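Summary of the model geometry
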Amino acid sequence: MIAKTLRPALLAVAITVFASGAALAQKKYDAGATDTEIRIGNTSPYSGPASSYGVIGRTEEAFFKMINDKGGINGRKIKFISYDDGYSPPKTVEQVRKLVESDEVLLVFSSIGTPTNSAIQKYLNSKKVPQLFVASGAKKWDDPNNFPWTMGFLLDFQTEAQIYAKWLMKEKPDAKIGILYQNDDFGKEYLRGVKDGLGAKASSMIMMEESYEVSEPSIDSHIIKLKAANPDVLMIFATIKSGAQAIKRTAELGWKPLQIINNGASFVSSVMKPAGFENAQGVLSAAYAKDGADPQWNDDPGMKRVYEFLDKYMPGADKTDGGIIHGYGVSQTLVKVLEMCGDDLTRANVMKQAASLRDYAPDTLLPGVKINTSSTSYAPITQLRMQRFKGEKWELFGGLLSRDAQRE
Amino acid sequence: MELFTNQVLAGIATGAIYACMALAVVMIYQAIDHLNFAQGEMAMFSTFISWQLMQWGIPYWGAFVITLVFSFIGGIAIERILFKPLAKAPVLTNVAGFIALFAIINSSAGLIWDFTIKQYPTPFGSAPFLGSQLISTHQAGMIGVTVLLLLGLYFFFQYTRIGLAMRAAASVPESARLVGINTSWMIALGWGMASAIGSIAGMLIAPVVFLEPNMMGGVLIYGFAAAVLGGLTSPFGGVVGGFLVGIFENLAGTYIPGVGNELKLPIALALIISVLVVKPAGLFGRHIVKRV
């Protein structure tokens, strides 16, 4: 009893002594942060149709465990609370409410998916809880005016598509383009990006736009239709399975257009290999992150750290999985932001620091690609490099292509 | 004209996928009078088993046979453990059971083999077949296997005692019991066979759509459409239905403006509904008359 009443008093004395004795910056906390702990919330699809992305959440958890083992962030341990939302928006809402109101997390970090994050965006912004580094490539997360508490991470699909279009206008100005895209918001954002990028020439350069449903078992019919229109450039905006099928079928039909495939469907192990390396020669794409399956990074200091982390904290994990690379890079960036926060662990300061990243390069990004944010740009990654598939890996070519250059 | 021929040929090739699946769907319908929503997932799981066996160094045909046996026993086991206790339960209870099974198998496969897509070998090669780049030797092989399977089933049901017993158990269970047929085991046998046929379908489909836990999602819907079109009671109808759906889907997608880009999947669903309204027994199905 005595101990109990004494403890706060002692603590108060200690704090006063500290504050007056040393000229320490004043510690400021919101819910979810203390002298010993920072609580971070997350939702991921560990079950259900998108469960292949669950690996991102698991990687983040392992990464924070590594940080804790090394002493934490400015002496504070991270408590990562991650719930399964099955990629179902109503469930995301329920879990995020629980994270904010019962677990009292400081921020919600890297929740996965476009529809799921859309469902919680208004709630988190009205509660003034950071929705940091959303794991989705939609453009809408970069909107600091309307949603100052939401920040994306990935390069958005539309900008990526614009970069391909600009590249084509420069390198192949008389291209006749056929486009295969997934019939949903994801595919349509790419389509919009290409049209934006081509501008006035869009109608003369695009010969055919063909969409497929993600549930279609085989996309043969669409490839045949595209081939009949005889374009010399085929742009493929697909998820991994259909992307692999498109590359494979195009080759099997003996059709050899210049192929450009979106970054999200350019993984060596899950797209190029199933499609057949012999079929994938010469395919173009763009990238900002290193591919874990690519031997050219074996001696790269950054990737060496990634591999060491995987060996120790995720033994048996498939290092070629793009989700792991993403999870590592985004976690490293969050740790950087929290370090920058120092002892001012308020939600407002978290957003302020997240919007003050300057030329930050996590271990997983390609050489030259750097993260920059500001109070008017909530898009951390805005740069890409073109790459061409050769042998069993991607070869980078050309310099950095960036969104900002697009705007000029 | 070339586009037309190409789309028809590609439709036949895709139709072979649906036909395989429809055969498994018809098989289970014959045995239990319900559509098994977990059929596709069972086939997917079997395909993963065969893939795993091949990873362990067993040659293709060895893995094929082991998988067939495993699937047959697995199908019987599922019936004995899960659905025999539900035999007298209402249809909806069974449907809930199928959906539960669907989720369980899908998630377990993801847990064991993860969700990245995998290459799956084909025993037939993938060179162009008879000079046509639209149908590969694999797809030709697939059509061949489907036809063989169909013939095998026909002889089994028409000319063997156990086939006859199974038909009797499915169509008039009470009379069948009275003449001494163990109807309960006939149903289990039906599950085993459907599961084995499904595994063949899975192993044939995987080289085309790649192996992953969700590979059967779309295929099963088209398989249902094919089975309904051809007649749920006729294996032959199911196979013909598969090819028809494949061709119809491609042609509608190519030539009906607007449909091509937006409504390709609903075509299968529209087909199911129109067949059920116009000719509920399907093209080749047995007309069922119930005494009231």
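No experiment lies behind these values; they were computed from the predicted model shown.

Parameters at a glance
Residues numbered from 1 in each chain as written. Chains lettered and ligands numbered in written order. Predicted model: local features only at pLDDT ≥ 70, side-chain atom pairs only at ≥ 80, totals over all residues. Heavy atoms only, no water. Helix = DSSP H or I, 4+ residues; strand = E, 2+ residues; numbered from the N terminus. Buried < 20%, exposed > 50% of the residue type's maximum accessible area, 1.4 Å probe, protein only. Contact = heavy atoms within 4.5 Å. Areas by Shrake-Rupley, 256 points an atom, 1.4 Å probe, with all protein chains shown as cover. Core = buried A, V, L, I, M, F, W, Y, C linked by side-chain atoms within 4.5 Å. Domains from an automatic or database assignment. Pairing = 2+ DSSP bridges. pLDDT = per-residue confidence, 0-100. 1 Å grid on protein atoms, 1.4 Å probe; cavity = no way out; pocket = protein on both sides within 12 Å on 5 of 7 lines; lining within 4 Å. Points joined across faces, edges and corners; volume = space filled by probe spheres on them. Nonpolar A, V, L, I, M, F, W, Y, C, P; charged D, E, K, R; others polar. Buried area = accessible area lost by both parts, 1.4 Å probe. Salt bridge = Lys/Arg side-chain N within 4 Å of Asp/Glu carboxyl O. Axes fitted to C-alpha atoms, helices over the stretch in contact; angles between N-to-C directions. Left-handed = near helix turned anticlockwise from the far one by under 90°. Patch = residues over 30% accessible without salt bridge, like charges linked within 9 Å, V, L, I, M, F, W, Y side chains within 5 Å.

Examining the overall build of chain A
Helix and strand content of chain A: 15 helices and 13 strands. By residue count, 57% of the 408 residues in chain A fall in the buried class. For chain A, restricting intrachain contacts to residue pairs at least 6 apart in sequence, the fraction spanning at least 24 positions comes to 69%. A total accessible area of about 16,500 Å² is found for chain A, and carbon and sulfur atoms account for 53% of it.

Here's the deal with the environment of A:P115
All names here are of chain A. Position of P115 relative to the elements: it lies in helix 4 (residues 114-127). On the basis of relative accessibility, which here comes to 38%, the residue P115 falls in the partly exposed class. Sequence separation between P115 and V214 is 99 residues, and the spatial gap between their C-alpha atoms is 16 Å.

A word on the nonpolar core
One finds A:F133 and A:M235 to be the most contacted residues of the largest nonpolar core, which totals 84 residues. With nine residues, the top contributor of residues to this core is helix 13 (residues 322-341) of chain A. Domain assignment of the residues forming this core places at least three in each of domain 1 (25-155 + 302-377) and domain 2 (157-287 + 385-407) of chain A. Excluding residues within four positions of it along the chain, A:M235 makes contact with A:Y164, A:L168, A:I177, A:G178, A:I179, A:L180, A:V194 and A:I260. Membership of the second largest hydrophobic core comes to 83 residues, among which are B:A22, B:L101, B:A194 and B:I272.

Notes on the sheet that holds strand 2 (residues 37-44) of chain A
Remark on secondary structure: sheet strands pair via backbone hydrogen bonds, oriented parallel or antiparallel. Residues and elements named next belong to chain A. Strand order in the open sheet formed by four strands is 3-2-4-5, and the pairing between neighbours is parallel. With one partner strand each, in any of the chains shown, strand 3 (77-84) and strand 5 (131-132) form the two edges of the open sheet. The pairing of strand 2 with strand 4 (residues 107-109) spans two bridges and is classified as parallel. In the sheet register, I40 faces strand 4, and the bridge partner there is L107.

Observations regarding the confidence of the model for chain A
Scored by pLDDT, chain A has a mean of 88; 92% of the residues are at 70 or more. Confidence drops under pLDDT 50 across residues 16-23 of chain A; counting only partners more than four residues distant or on other chains, this segment forms three contacts.

Things to note about the layout of surface pockets
To locate leftover empty space, one rolls a probe as large as a water molecule over the atoms. Residues and elements named next belong to chain B. Taken as a whole, the second largest pocket spans an internal volume of roughly 1,500 Å³. Along its surface, the second largest pocket is lined by 46 residues, and Q30, A31, A169, A170 and S171 are the ones closest to its centre. Of all elements in the fold, only helix 1 (2-32), helix 3 (60-83), helix 4 (91-113), helix 5 (137-159), helix 6 (161-171), helix 7 (173-178), helix 8 (183-209) and helix 10 (235-255) reach the threshold of two or more residues within the lining of the second largest pocket. Counted by class, the lining of the second largest pocket contains 25 nonpolar, eleven polar and ten charged residues.

Let's talk about the domain arrangement of chain A
Residues and elements named next belong to chain A. Domain parsing of chain A yields domain 1 (25-155 + 302-377) and domain 2 (157-287 + 385-407). At the interface, twelve residues of domain 1 touch twelve residues of domain 2. Between domain 1 and domain 2, the buried area comes to about 1,100 Å², and carbon and sulfur atoms account for 57% of it. Looking at the side of domain 1 facing domain 2, the largest losses of area belong to K139, L155 and L366, adding up to 47% of the total buried there. Counting across the interface, domain 1 meets domain 2 through zero salt bridges. For the side of domain 1 that touches domain 2, the per-class residue count stands at five nonpolar, five polar and two charged.

Structural notes on the packing of helix 3 of chain B against helix 8 of chain B
Residue and element names in this part refer to chain B. In contact at an axis separation of 7 Å, helix 3 and helix 8 are set at 140 degrees when each is read in the N-to-C sense. Considering the relative orientation of helix 3 and helix 8, their crossing is right-handed. Tallied by class, residues from the contact of helix 3 with helix 8 come to 16 nonpolar, seven polar and two charged.

Looking at the pattern of salt bridges
Residues and elements named next belong to chain A. Counting across every chain of the model gives 16 salt bridges over all chains. A salt bridge links E37 to R39; the nearest nitrogen and oxygen atoms lie 2.9 Å apart. Note on E37: relative accessible area 23%, which makes it partly exposed. Within the structure, one salt-bridge network assembled from shared partners comprises D220, R249 and E252.

Some details on a nonpolar patch on the surface
Together, B:V147, B:L148, B:L151, B:Y154, B:F155 and B:Y159 give the surface a local cluster of nonpolar side chains, amounting to about 660 Å² of exposed area. For B:F155, the location among the structural elements is in helix 5.

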